[in-house]
Amino acid sequence: MQIETYIDSLVSYAMNTGLAMPEDHMVLQNRLLEVLGKDEYVESHEEQTENLEEILAGILDYACEHGLCEDNITARDLFDTKVMGLLTPMPREVIRTFREKFAASPEAATDYYYKLSCDSDYIRRYRIAKDMRWKYASDYGELDITINLSKPEKDPKAIAAAKNAPQASYPKCQLCVENEGYAGRMNHPARQNHRIVPITVAGEEWRMQYSPYVYYNEHCIVFNKKHTPMKIDRSAFEKLLDFVGTFPHYFVGSNADLPIVGGSILSHEHFQGGHYTFAMETAPVDQELKFTGYEDIQAGIVKWPMSVIRLDGKDPVRIADLADKILLAWRGYSDPACTIYAETDGEPHNTITPIARRRGELFELDLVLRNNLTTEEHPLGVFHPHADKHHIKKENIGLIEVMGLAVLPSRLKGELTNLAAAIVAGADIRADEVLGKHADWVDELKQKYTFTEENALDIILQETGKVFSEVLEDAGVYKNTAEGREGFNRFVAAVNG
């Protein structure tokens, strides 16, 4: 297919998705000619394609062949983002439309904004579609298990180029407002097709965008306009509850503010939210709680592998007050019988992962108790995936996992498929350089199941879900045992005391 056909197809795509209007046709065509180094346009009579992935692949191949782009995954991503940036409406247009839609309903506003983020290819739908997703029916509800493949694995050429690229401090991080429209570089993603919406959260200037990797439906990121560190305190609870007051169809939560139990970006205050129902939201209250002076707030311990106090009430100020009281008590609380220490050698360990949502007229806030203590036996964290589960999940348990969605490493797509085949073939898994890490697990599974070619992969996938459920139990500071519940109730008594 000649390059003019891809140009025509992309201009048509912009019209069909509403990124542009018919009056914009000639300007878009000439912008694309410019970025491709072409002085002339020869009308194409080939049939156009509506497939964006195919269109961009054709343009990228042309760019690589003509020396406009290096032929590696990172350089190609930088170039096609530049191309899509030419089609993406300016921020003023996006903000104006968002506000017009919001006046009708918050959901209409987010529907528009999410569609724009997909149509502009900021969210690469064709990559998201490659993610593996399945459910696991645990004792706590249906957990979501995903192997995320939408974040591209860098090839050796891209890794080398990134290593040799000059270090820069602009933008300060990948959440800063300066990313909007930024051209990117080999060690920082391009964002010419990225648009940010300004919002007010608890009287402060904040911003909203979507995650380009979309771990769940309408996965949004809400962040402070200023580059300021994550902090869990009363104001964080106020901000979360205020956000769901403004966008009642979304939940929103915050990663904790300490390493190991926190998120990957602790340097910039941000929350994650979206339009999705996690297993944690549907989990029932297992034990009702009473907090002195807060009889107007319904409270209870949630039936969940991690340690969760749920607060419900009509007044978000009262909920924030009680949440702050619980947080302050937890920050300084130790219970050696449960291996909980507020600090060691001056290093604080206790914090909270909070999640807010609306439940009808009520505001709801889940407080997940976290502790990042490390020991010789558990050098990565006592309340972190234990070593026997590292073959599946070694990474930190952040907000998304806390709510019941496993984000597993991309390596597992091949490993689990090959593991199922190796079991059926009777191969020596322990001797396999890649699969050997799963050998002890496989030995246990062979005691439970008779593997066949038809059922092997299904068994492996379901048992992977079971491992994730156990990972969440590892991360729970109070175990779901009689002793664990006694410990939990000791803490509640301390809050009331």
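Cut-offs and rules
- Every chain is numbered on its own, with residues counted from 1 as its sequence reads.
- Reporting of local features is limited, given that this is a predicted model, to residues whose pLDDT is at least 70; pairs of side-chain atoms are given and counted only at 80 or more, and all residues count toward the totals for whole chains, interfaces and linings.
- For the side-chain quantities, the full set of heavy atoms in the structure was used; hydrogens and water were omitted.
- A pair of Phe, Tyr and Trp rings is counted when the ring centres sit within 6.5 Å of each other, with Trp represented by its six-membered ring. The angle between the planes then sorts it: under 30 degrees is stacked, over 60 is edge-to-face, the rest tilted.
- Numbering of helices and strands runs from the N terminus, with a helix taken as a DSSP run of H or I at least four residues long and a strand as a DSSP run of E at least two residues long.
- Summary of the burial criterion: residues with accessible area below 20% of their type's maximum are buried, those above 50% are exposed, and those between are partly exposed, where the area comes from a 1.4 Å probe applied to protein chains only.
- Here, a charge over a ring is recorded when the distance from Lys NZ or Arg CZ to the ring centre is within 6 Å and its angle to the ring normal is within 35 degrees.
- Here, any two strands with at least 2 DSSP bridges between them count as paired.
- In this analysis, axes come from line fits to C-alpha atoms, helices being fitted only over the stretch in contact, and the angle between any two N-to-C directions falls in the range 0 to 180 degrees.
- The scheme is simple: roughly parallel for angles under 35 degrees, roughly antiparallel for over 145, roughly perpendicular for 65 to 115, oblique for anything else.
- Contacts: residue pairs with any heavy atoms within 4.5 Å of one another.
- Three categories are distinguished: nonpolar for Ala, Val, Leu, Ile, Met, Phe, Trp, Tyr, Cys and Pro, charged for Asp, Glu, Lys and Arg, and polar for the others, with Gly belonging to the last.

Draft legend 1. How the structure looks around the packing of aromatic side chains. Taken as a whole and assessed by the stated rule, the structure comprises 20 aromatic pairs. An angle of 20 degrees between the planes, with centres 6.4 Å apart, marks the rings of phenylalanine 98 and phenylalanine 102 as stacked. Taken together, the residues span about one helical turn, with phenylalanine 98 and phenylalanine 102 both in helix α5 (residues 91–104) at a distance of 4 residues. Of the residues examined, phenylalanine 102 reaches a relative accessible area of 29% and is grouped as partly exposed. Residues tyrosine 216 and phenylalanine 278 carry aromatic rings whose centres are separated by 5.0 Å and whose planes lie at 75 degrees to one another, so their mutual orientation is edge-to-face. Here the residue tyrosine 216 occupies a position in the loop between β4 (204–210) and β5 (220–224), and phenylalanine 278 occupies one in the loop between β7 (270–274) and α10 (279–282), the gap between them amounting to 62 residues. You can call phenylalanine 278 buried: its relative accessible area is 3%. Here the aromatic cluster, defined as three or more aromatic residues joined through ring pairs, consists of Phe98, Phe102, Tyr113, Tyr114, Tyr210, Phe243 and Phe247. Over the face of the ring belonging to phenylalanine 363 we find arginine 358, whose NZ or CZ atom lies 4.0 Å from the ring centre.

Draft legend 2. A look at the pairing of β5. Taking burial as the measure, the 5 residues of β5 include 5 buried ones, the bulk of the element. Residues Cys220, Val222 and Asn224 point to one face of β5 and Ile221 and Phe223 to the other, with burial holding for every one of them. In this structure, β4 lies alongside β5, joined through 5 bridges in antiparallel fashion. Bridging from a neighbouring strand, tyrosine 210 pairs with cysteine 220 of β5. Relative to β7, β5 runs antiparallel, the two sharing 4 bridges. The partner of cysteine 220 across the bridge, within β7, is glycine 273.

Draft legend 3. Region of interest: the packing of α5 against helix α6 (residues 106–119). In contact at an axis separation of 6 Å, α5 and α6 are set at 150 degrees when each is read in the N-to-C sense. As far as their axial angle goes, α6 and α5 are roughly antiparallel. Side by side, α5 and α6 meet where Glu93, Val94, Thr97, Phe98, Lys101 and Phe102 of the first sit next to Pro106, Ala108, Ala109, Thr110, Tyr112, Tyr113 and Leu116 of the second. Taken together, the residues of the contact of α5 with α6 break down into 9 nonpolar, 2 polar and 2 charged.

Nothing here speaks to function; it is geometry throughout.
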